[in-house]
Amino acid sequence: MQVTFTKLTGRYEIAVDRSAGAALAPRNGPGHDDAVPHDVAHLLVEIEEGLRGGVYGRLAAADGDDGLFWPVDPKARRASLKNRRTPTSQESADMARSERLASLSVALWEVARGRRAPDPAWPGSIEASGLAGDLLDRLFARYDDFAARWTALATGASITLAWPFPEGTGKRRRT
């Protein structure tokens, strides 16, 4: 699965190209950021943590509508809505972990890189976050790389990142 982020004025768009399941319509991304948009953080966190029940693992599983992206074809959209299933407890836990890590790790990275002033209330410090140093080191390196590429990108241009796990299994699991 390939995930393309297109830089637009004051916002960004996400397009997902996957080999399994219906073709998905691109959508506008929430949480615009000049360096690391929110959905980029989700993708990088889910890759580094191996979260298969988060945003991108659900898309790669291609076993129904995840409610975040919709099939392009109206007939496929109706079918996916009909086949939508309730997430498992593991998927819900993966999604919650992805959301927490995406929000917290970007904020900590911004403080560490001087992009944001420290906030004693939240996110506080790296030490207070309880996140493993190795995970943060990997995420910070990915954020550094992405931010350099994203800030140099012209409006209307894109960056494509690959989802490294198998597609179309219909199984969303954490490995």
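In this report, we go over the structure that sits alongside the text. (Residues numbered from 1 in each chain as written. Predicted model: local features only at pLDDT ≥ 70, side-chain atom pairs only at ≥ 80, totals over all residues. Heavy atoms only, no water.)

Some details on the pairing of strand β4 (residues 158–162)
Note the following rule: Each residue gets one of three labels from its accessible area relative to the maximum for its type: buried under 20%, exposed over 50%, partly exposed in between, using a 1.4 Å probe on protein chains only. In this description a helix means any DSSP run of H or I spanning at least four residues, a strand means any run of E spanning at least two, and both kinds are numbered starting from the N terminus. Two strands make a pair as long as DSSP finds a minimum of two bridges between them.
Burial along β4 is one-sided: the face carrying Ile159 and Leu161 is buried and the face carrying Ser158, Thr160 and Ala162 is not. Two elements, strand β1 (residues 2–8) and β4, share five bridges in a ladder whose sense is antiparallel. Bridge pairing links Val3 to Leu161 in β4.

Remarks on the pattern of salt bridges
The line we're drawing: The salt bridge definition used is simple: a Lys or Arg side-chain nitrogen within 4 Å of an Asp or Glu carboxyl oxygen.
Enumeration according to the criterion identifies eight salt bridges in this entry. Here Asp134 and Arg138 are joined by a salt bridge, their closest N and O atoms 2.5 Å apart. Here the residue Asp134 and the residue Arg138 both occupy positions in helix α6 (residues 133–152), the gap between them amounting to four residues, near one helical turn. On the basis of relative accessible area, Arg138 is assigned to the partly exposed category, the value being 29%.

Quick word on the nonpolar core
Going by this rule: The nonpolar core is taken to be a set of buried Ala, Val, Leu, Ile, Met, Phe, Trp, Tyr and Cys residues, with the residues joined through side-chain atoms within 4.5 Å. Contact between two residues is taken to exist if any of their heavy atoms lie within 4.5 Å; hydrogens are not considered.
Core analysis: the largest hydrophobic core is formed by 42 residues, its most contacted members being Phe5, Val36, Tyr56 and Tyr143. Elements with a contribution of two residues or more to this core: β1, β2 (11–17), α1 (38–49), α2 (55–61), α4 (89–112), α6 and β4. By residue number, the principal contributor to this core is α6, which donates eight residues. Dropping the residues within four chain positions of it, Tyr143 is found in contact with Val36, Ala41, Leu44, Val45, Leu101, Ser105, Val106 and Trp109.

A short note on α1
In plain terms, the rule: A helix's residues, less one, multiplied by 1.5 Å, set its expected span.
Between its first and last C-alpha atoms α1 spans 16 Å; for 12 residues at 1.5 Å apiece the expected length is 16 Å, and the two agree. Burial analysis of α1 places 12 of its 12 residues in the buried class, which makes it a mostly covered element. Listing the buried residues of α1 in full gives His38, Asp39, Val40, Ala41, His42, Leu43, Leu44, Val45, Glu46, Ile47, Glu48 and Glu49. Looking one or two places after α1, you find Gly50, whose phi comes out positive at around 65 degrees.

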